[in-house]
Amino acid sequence: MRLIVKKENELLTYLYENLEMPKKKIKSFLIHGDIYINQQKVTQYNFKVSKGMEIIIYHKNNSHLIFDILYEDDSILVVNKPSGLLMIATKLEKTNTLYHYVLEYLQTKRKGSRVFIVHRLDQDTSGVVVFAKNQKIKDLLQKNWNQYVKLRQYHAVVEGGLKKKQDRLSHYLLETKTNFVYVSKNKKGKEAITNYQVEKENSSYSLLRIKIETGRKNQIRVQLSHIGHSIIGDSKYGKKDKKFSRLYLHADKLILFHPILKKNMTFEVSIPKEFSKVI
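The structure contained in this document is the topic of the report that follows. (Residues numbered from 1 in each chain as written. Predicted model: local features only at pLDDT ≥ 70, side-chain atom pairs only at ≥ 80, totals over all residues. Heavy atoms only, no water.)

With that out of the way, let us pick up the packing of aromatic side chains. Describing an aromatic ring pair means giving the distance of the ring centres and the angle of the ring planes. Within this structure, the stated rule accounts for seven aromatic pairs. Taking the centre distance of 5.6 Å and the plane angle of 45° together, the rings of Tyr148 and Phe257 count as tilted. Taken as a pair, Tyr148 in helix α5 (residues 145-148) and Phe257 in strand β16 (residues 249-258) lie far apart in primary sequence, 109 residues in all. Ring geometry for Phe180 and Tyr237: centres 4.9 Å apart, planes at 40°, overall tilted. In this pair, Phe180 is assigned in the loop between β12 (166-175) and β13 (181-184) and Tyr237 in the loop between α6 (219-226) and β16, connecting sequence segments 57 residues apart. Among the aromatic residues, those joined into a cluster by ring pairs are Tyr205, Phe244, Tyr248 and Phe275. (Phe/Tyr/Trp six-rings, centres within 6.5 Å; stacked < 30°, edge-to-face > 60°. Helix = DSSP H or I, 4+ residues; strand = E, 2+ residues; numbered from the N terminus.)

A few words now on helix α4 (residues 135-143). Along α4, the residues that are buried comprise Ile137, Lys138 and Leu141. For α4, the arc enclosing every buried residue in end-on projection is 100°, short of the 170-degree limit, so these residues lie on one face. In α4, the exposed positions angled more than 90 degrees off the buried face are occupied by Lys136 and Lys143. Along its buried surface, α4 packs onto β8 (76-81), β9 (116-117), β10 (126-132), α5 and β16. N-capping of α4 is provided by Asn134, with a side-chain oxygen placed 3.2 Å from the backbone N of Lys136. (Buried < 20%, exposed > 50% of the residue type's maximum accessible area, 1.4 Å probe, protein only. Arc of directions from axis to C-beta. Contact = heavy atoms within 4.5 Å. Polar contact = N/O pair within 3.5 Å; in protein donor to acceptor, adjacent residues only side chain to side chain.)

For the structure on display, the rule yields 14 salt bridges. Where Lys25 meets Asp68, a salt bridge forms, and the shortest distance between an N and an O atom there is 2.6 Å. Separated by 43 residues along the polypeptide, Lys25 in helix α2 (residues 23-31) and Asp68 in strand β7 (residues 68-72) bring together distant segments of the chain. For Lys25, a relative accessible area of 18% gives the class buried. Close ionic contact of Lys165 with Glu201 constitutes a salt bridge, the shortest N to O distance being 3.1 Å. One end of the pair, Lys165, is in the loop between β11 (149-159) and β12; the other, Glu201, is in strand β14 (residues 190-201), and 36 residues separate them in sequence. A relative accessible area of 40% means that Glu201 is categorised as partly exposed. (Salt bridge = Lys/Arg side-chain N within 4 Å of Asp/Glu carboxyl O.)

Rendered as structure tokens:
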């Protein structure tokens, strides 16, 4: 996991305020020498971090994984993805990815284990992610994803107050060559449907419960930005605000029909503490 420090603080305090992790787990990373700042190992809780420093957390054994395991059997593995962690490798980053860490975890249990991505979350989005543990399950889930997934729920904190306290957003999305997704009147775009309901609000922000009917790239971020209420911390589709160190979008609940067990299973995680602090 990689973080760029946004403001000066003590290391333990900064990580606790910017990660969805209990202090006990963060202390474990420090004790085991798994935290590097500007490529130097750091173990002191009160180490002073300043703006621009690079923090990398790397686990060497599965006693203190950087993700929480929500469920595991012979077919699937369900985890809680941290914000700021890539799903898969890119040209610039090969190993600091959720896929790599999940594969590493499985191979410590059984040499030669494989893992397959079924669906994805954006790098800065946290929450429930399902992996398949063999090719057959991966193909089965991906081919029937919209039928097997009964609920995809998120929570987000957005700019301002919404006049409509609940609504169903339906737009067509297109993507530029530079991977920027936008709303278009052109029906050749991919249809995206997002339902939201305001749960809490104050003078500056609103906490939304979101349920999606489609799984288009960046759809929640793009559609909320389009109606004038971008997600806070979204520098791509919203405002660049240095006081927010992450994207305030979290996939907190997934109901999935298990193709082997033949039953619906619910995977749910808590909303990150920083969401409540803002509201």
